[in-house]
Amino acid sequence: MTDATLYGLCGAALVGLGLFGLIVHPQPLRKILAFNLIGGGAFLLFGVVARRGASAGLDGDPVPQALVITGLVVAFAATALAVALLLRLFQETGRATLRSDDSQP
Amino acid sequence: MPNSATAGGFLLVLAIVLPIAGALLSLVLGGRHAERVALIVMPTGVVVAVAIAATIWRTHSVLQYFVGNWDPPLGVAFRADGLSAVMIVTAALLICGIGLFARTQFPTPRGVEARASLAFWTLLLAIWGALNAVFIGGDLFNLYVALELLTFAAVPLVSLDGSAETLAAALRYLLFALLGSILYLLGAVLLYGAYGTLDIVLLSSRINAEPAAWAAISLMTAGLLAKAALYPFHLWLPPAHAGAPAPASAMLSGLVVKAPFFIVVRLWFDVMPRVPERTAAQVLGLLGAAAILFGSVVALRQARLKLLIAYSTVAQIGYLFLMFPLAIMPETGHPWNSVAWTGGILQAVSHAFAKAAMFMAAGLIAEALGHDRIAGLSGIGRALPTTVFAFGLGGLSLMGLPPSGGFVAKAMLLTAAVAEGQWWWAVVVLTGGLLAGGYVFLVLAKALADTSQPVTLRSRISQSRQTLAVAVALCAVLLGFVPLRPLELLQIGRPNTAVVDVR
Amino acid sequence: MAFDIGLAILVLGVAAWTIAARDTFAAVIGFVAYGLLLALVWVRLAAPDVALTEAALGSGLTGGLLLGASTRLARTQGSAAIDKPSAIIRRAAAVLCTLVSAGLGAIVLLLPEPAPTLAPQAAANLAATGLGNPVTAVLMAYRAIDTLLETVVLLLALVGIWSLAPDQLWGGLPGRRYPVDRDGVLTFVAQLLVPVGILVGIYIFWVGSIAPGGEFQGATILAAMWIFATMARLADSPAVSRRWLRLVLVVGPAVFFAIGLAGFAIAGGFLAYPEAHAKLLILTIEVPVTLSIAATLALLVGGPPERALR
């Protein structure tokens, strides 16, 4: 097994871990954390695909790597927006949860 | 299809650049200029949209453009076929109507910059640009970025009034949308890992029926269903669409929620044709049926008008997914597929106009009465007859009564269902129509009820805004004059199918 | 190989702790650590550009954002215990997630060999772009439309965050006012570190055309330095209604669009570069874009206006 495949399995496990955290935690802030974990796993899979595509003198396929950079930036913007919404909700209501009938995220 | 960039690509670029440049300009100029920029961009954007559709119709081929002159798979391609043309024109016309309607609600007075107004006009233009990017995107990752642009522009519109309920609704919308995005990305990485490209046309020639493709399409579809609020991922939609200001609700229900559906169509019909998918299509249809029945029944039980209309959106989205089991081509080819295809797209377009008109009407009623409780609507028919007329016209399309685009769409879906022997979908369509009739008449009966004393309006509603609502609803009605056969414009870019005459 | 196995196990362990930790603050600290370990993984995967981005943005700025949020929400910790899902749901979720991970892992193992790749095409066309870093070439040339739209996405998120402010605070200053402490350690360290950090940020952006680095990584470092400076009261956030701030935010995407449209005239296509001047044009785009993105990232962390304009 190459180290790329090893990290691919690691990425798959991260996705599962993050998904578990997303389902199981009621607080939105923990859900946002879990999202970032799932995202990290997905990006890791991109990195694995990039590493496996090393050829023509390059150590990795630059296209998936660039896609990950774009994805990281977009994920940060999403986290910022979600956190801002959550903090405003807290300011307005004093609570930081979505209503208790929130079964799935 | 020619493999080089075609003329008219400039128009495609303009369709994205114009609204987004307008949004940037609005942000910089701020204040009262935000609205002015939007008012200049709107008619220009309509011209561009019509030009794109005209070019596609005239040349009867797909408009293709390689951005930066880099060929896929290295570069990104824009592709506009008949389906894109129809959606681009729909978006342009609807956003124009909504923008004109919203001028009263989001004024930009001289000297002061109002938060809600600046946000509204900037986000409206951004939504438009994002929608066009979705409709012409030919690369799955480019579509991901366009979807994110759409989400970030749509979510703040939900919480524009700043109340706790809308903030919670916006946060829930964002969380669902993020889940959708991440599932979509997971599918995309599997596709790239297996086939080395994310270009739609190249993928369609490289893809095979194997676990990687199956998993990828399932993940991406699941993510897009969450964004499109198809049952059982619909939880976020009613509070979000009901809590947003009326023009924003019109955009959200009419256009924003159609974008993920559009990408599912691209995935299933353009990327996947070589992968057999009949059972999976039946599952999608089943979810659509569940959405229709569930959404309509819950709509009947709503006490607030905007929530009723929002649940109606949940139901009408279900019709869109009935298209999949009916239009998917098995190996042997099936002439009724093009009928179902036309019906599904027509449902998307006519619902966009009808639902926008209904939300506009509901917004006017809420402004006039100060509330939108259905029980308190008595007498509004006498006070705001034009508004209630707009609501009723929109309802025609929802119920599937002639003349309306909704009738043509549902009739085509019915015909295709019966002709292909999948009669169970016909039952669902008919039941959905009956239930829609139920909740539309619920509102109309209350609104047109006779009251002893005339109802007092809290604020004056201008006739022009009411007429705008009627005009938008009339677009849905005009679509009813589309002949009951596969639309030739929509067939541009589809693989050759036997076109059948439905009379 | 053994190192990689150890690193992978460590990453998974820290990630699991982030999920399992009871206290949100501890979970966020775990997340920052996880991000830094992930950056190491990226180095092992021969993706130094991504490693820089992950460390600075994914771990650094995101961690800062989440830490600030968890501090503000610390009071709500206790009430969350009531809403915890039942044991049945937790077990079902565990089963579901294990299946998802297993499925993904299986597909990773089944990926085709030799792997399809665009590296040859990317390398072959590198000379036409005048760049030495293939990742920058993808971002700024081959798939420039993605990068262009992404800068707009960032700006949109900022507009959305700003729109959350109450009406009376609109146009004001984002973020809290930090106490001034002229003789404090924080101010001292900031006065030393911020100029160095700015230089590092500019260097990393500049070198990105030929070596790992680039506008996003550089912009993140610049944004982090700005945030540090505001925390140490070396500077204060500008009001969001200031025209010059809006210009700074928009100049990057605007120049990107302008050069892209000019491409129609000078190179026959949107976002196309004439081969002789490709590198110059790309750098001309990158400078304002770095500035805009740095400002946008810093303001994204700042949040909606919380102090009214005086």
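Values in this document were obtained by computation on a predicted structure and should not be read as measured data. (Residues numbered from 1 in each chain as written. Chains lettered and ligands numbered in written order. Predicted model: local features only at pLDDT ≥ 70, side-chain atom pairs only at ≥ 80, totals over all residues.)

**Let's talk about the overall build of chain A**
Counting its regular elements, chain A contains 3 helices and 0 strands. What you see in chain A, going N to C, is helices and strands ordered as α-α-α. For chain A, whose C-alpha radius of gyration is 17 Å, the value lies well above the compact-globule estimate of 13 Å for 105 residues. Dimensions of chain A, computed from the C-alpha atoms along their principal axes, are close to 55 × 25 × 15 Å. Relative to its 105 residues, chain A shows a buried fraction of 78%. Long-range pairs, those at least 24 residues apart, make up 51% of the contacts in chain A with a sequence separation of at least 6. (Helix = DSSP H or I, 4+ residues; strand = E, 2+ residues; numbered from the N terminus. Rg over C-alpha atoms; globule rule 2.2 N^0.38 Å. Buried ≥ 20, exposed ≤ 12 C-beta atoms within 10 Å, placed from the backbone. Contact = placed C-beta atoms within 7 Å.)

**Examining the overall build of chain C**
Helices and strands together make up the secondary structure of chain C, namely 12 helices and 2 strands. For chain C, the proportion of contacts with a sequence separation of at least 24, taken over those separated by at least 6, is 73%.

**Here's the deal with the interface of chain A and chain C**
Each partner contributes to the interface: chain A provides 69 residues, whereas chain C provides 79 residues. Among the elements of the structure, helix 1 (3–24), helix 2 (28–52) and helix 3 (62–93) of chain A are those that each provide at least two residues to the side of chain A that touches chain C. The element that contributes the greatest number of residues to the side of chain A that touches chain C is helix 3 of chain A, accounting for 22 residues. Residues of the side of chain A that touches chain C, tallied by class, amount to 44 nonpolar, 17 polar and 8 charged. (Nonpolar A, V, L, I, M, F, W, Y, C, P; charged D, E, K, R; others polar.)

**Description of unusual backbone geometry**
Note that the residue after Y231 of chain B, namely P232 of chain B, is joined by a cis bond; omega there is 0°. Along the polypeptide, P232 of chain B turns up in the loop between helix 8 (211–228) and helix 9 (237–243). Between E113 of chain C and P114 of chain C the backbone carries a cis peptide bond, its omega angle lying at 0°. Note that P114 of chain C resides in the loop between helix 4 (87–109) and helix 5 (119–124).

**Focus on the interface of chain A and chain B**
Counting residues at the interface gives 29 residues for chain A, matched by 24 residues for chain B. Sorting the residues of the side of chain A that touches chain B by element identifies helix 2 and helix 3 of chain A as the ones contributing at least two each. With 15 residues, helix 3 of chain A is the single largest residue contributor to the side of chain A that touches chain B. Residue composition of the side of chain A that touches chain B, by class: 20 nonpolar, 5 polar and 4 charged.

**With respect to the environment of L190 of chain B**
Residues and elements named next belong to chain B. Within the fold, L190 resides in helix 6 (residues 164–195). Taking the C-beta count within 10 Å as the criterion, L190 has 26 such neighbours and is therefore assigned buried. For the pair formed by L190 and A213, sequence separation is 23 residues and the distance between their alpha carbons is 7.4 Å.

**Some thoughts on the environment of V11 of chain C**
Looking at the element boundaries, V11 of chain C is found in helix 1 (residues 2–20). Its 25 C-beta neighbours within 10 Å are what place V11 of chain C among the buried residues. V11 of chain C sits 30 residues away from V41 of chain C along the chain, and the two C-alpha atoms are 8.7 Å apart. Those residues in contact with V11 of chain C that lie beyond four places of it in its chain are C10 of chain A together with Y34, L37, L38 and V41 of chain C.

**Topic: the nonpolar core**
With 382 residues, the main nonpolar core has L149, A357 and M360 of chain B as its most contacted residues. Setting aside anything within four residues of it in sequence, one finds L149 of chain B in contact with A126, A130 and A133 of chain B together with L149, V152, V153 and L156 of chain C. (Core = buried A, V, L, I, M, F, W, Y, C linked by C-beta atoms within 7 Å.)

**Some points on the pairing of strand 1 (residues 63–66) of chain B**
All names here are of chain B. Across the two faces of strand 1 the burial is the same, with L63 and Y65 and Q64 and F66 all buried. Relative to strand 2 (residues 77–80), strand 1 is paired through 4 bridges, and the arrangement is antiparallel. Bridge assignment links Y65 to a residue of strand 2, and that residue is F78. (Pairing = 2+ DSSP bridges.)

**Points about the domain arrangement of chain C**
All names here are of chain C. Along its sequence, chain C is carved into domain 1 (1–76), domain 2 (85–116) and domain 3 (118–310). The straight-line distance from the C-alpha centre of domain 1 to that of domain 3 is 23 Å. Domain 1 puts 10 residues into the contact, and the matching count from domain 3 is 14 residues. Each residue belonging to the side of domain 1 that touches domain 3 can be placed in one class, and the counts come to 6 nonpolar, 3 polar and 1 charged. (Domains from an automatic or database assignment.)

**Description of the packing of helix 3 of chain A against helix 6 of chain B**
It is the contact of helix 3 of chain A with helix 6 of chain B, at a shortest axis distance of 9 Å, that shows an interaxial angle of 165°. In this view, helix 3 of chain A runs roughly antiparallel relative to helix 6 of chain B, as classed from their interaxial angle. Remark: the crossing between helix 3 of chain A and helix 6 of chain B carries left-handed chirality. Across the interface between the two elements, P64, G71, A78, L81, A82, L85, L86, R88, L89, E92 and T93 of chain A of helix 3 of chain A pack against A164, L167, A168, A170, L171, L174, L175, L178, L185 and Y192 of chain B of helix 6 of chain B. (Axes fitted to C-alpha atoms, helices over the stretch in contact; angles between N-to-C directions. Parallel < 35°, antiparallel > 145°, perpendicular 65-115°, else oblique. Left-handed = near helix turned anticlockwise from the far one by under 90°.)

**Section: the confidence of the model for chain C**
Do not read the fine detail of predicted coordinates wherever pLDDT is low. The share of residues in chain C with pLDDT of 70 or more is 96%, and the mean pLDDT across the chain is 88. Confidence, expressed as mean pLDDT per element, reaches its minimum in chain C at strand 1 (residues 173–174) of chain C with 80 and its maximum at helix 8 (residues 144–162) of chain C with 94. (pLDDT = per-residue confidence, 0-100.)

**Focus: helix 2 (residues 24–44) of chain C**
Residues and elements named next belong to chain C. Compared with the 30 Å implied by 1.5 Å per residue over 21 residues, the 30 Å span of helix 2 between its first and last C-alpha is a close match. Within helix 2 the residues assigned to the buried category are T24, A27, V28, G30, F31, Y34, G35, L37, L38, A39, V41 and W42. Residue A46 follows helix 2 closely and has a positive phi angle near 60°. (Expected span 1.5 Å × (residues − 1).)

**What about the packing of helix 3 of chain A against helix 3 (residues 48–72) of chain C?**
Taken N-terminus to C-terminus, the directions of helix 3 of chain A and helix 3 of chain C make an angle of 5°; their axes are 10 Å apart at the nearest point. Looking at the two axes, helix 3 of chain A sits roughly parallel to helix 3 of chain C. When helix 3 of chain A is examined against helix 3 of chain C, the residues Q65, V68, I69, L72, V73, F76, T79, A80, V83, L86 and L87 of chain A are found in contact with a partner set consisting of D49, V50, T53, E54, L57, G58, L61, T62, L65, L66, A69 and R72 of chain C. Looking at the contact of helix 3 of chain A with helix 3 of chain C residue by residue, the classes come out as 15 nonpolar, 5 polar and 3 charged.

**Here's the deal with helix 3 (residues 82–102) of chain B**
With 21 residues, helix 3 of chain B extends 30 Å between its outermost C-alpha atoms, agreeing within 8% with the 30 Å of an ideal straight helix rising 1.5 Å per residue. With 19 of its 21 residues buried, helix 3 of chain B lies for the most part within the structure.

**Some remarks on the environment of A122 of chain C**
The residue A122 of chain C is located in helix 5 in this model. Sequence-distant contacts of A122 of chain C, that is, excluding residues within four places in its chain, are made with P62 and V63 of chain A, L74 of chain B together with P134, A137 and V138 of chain C.

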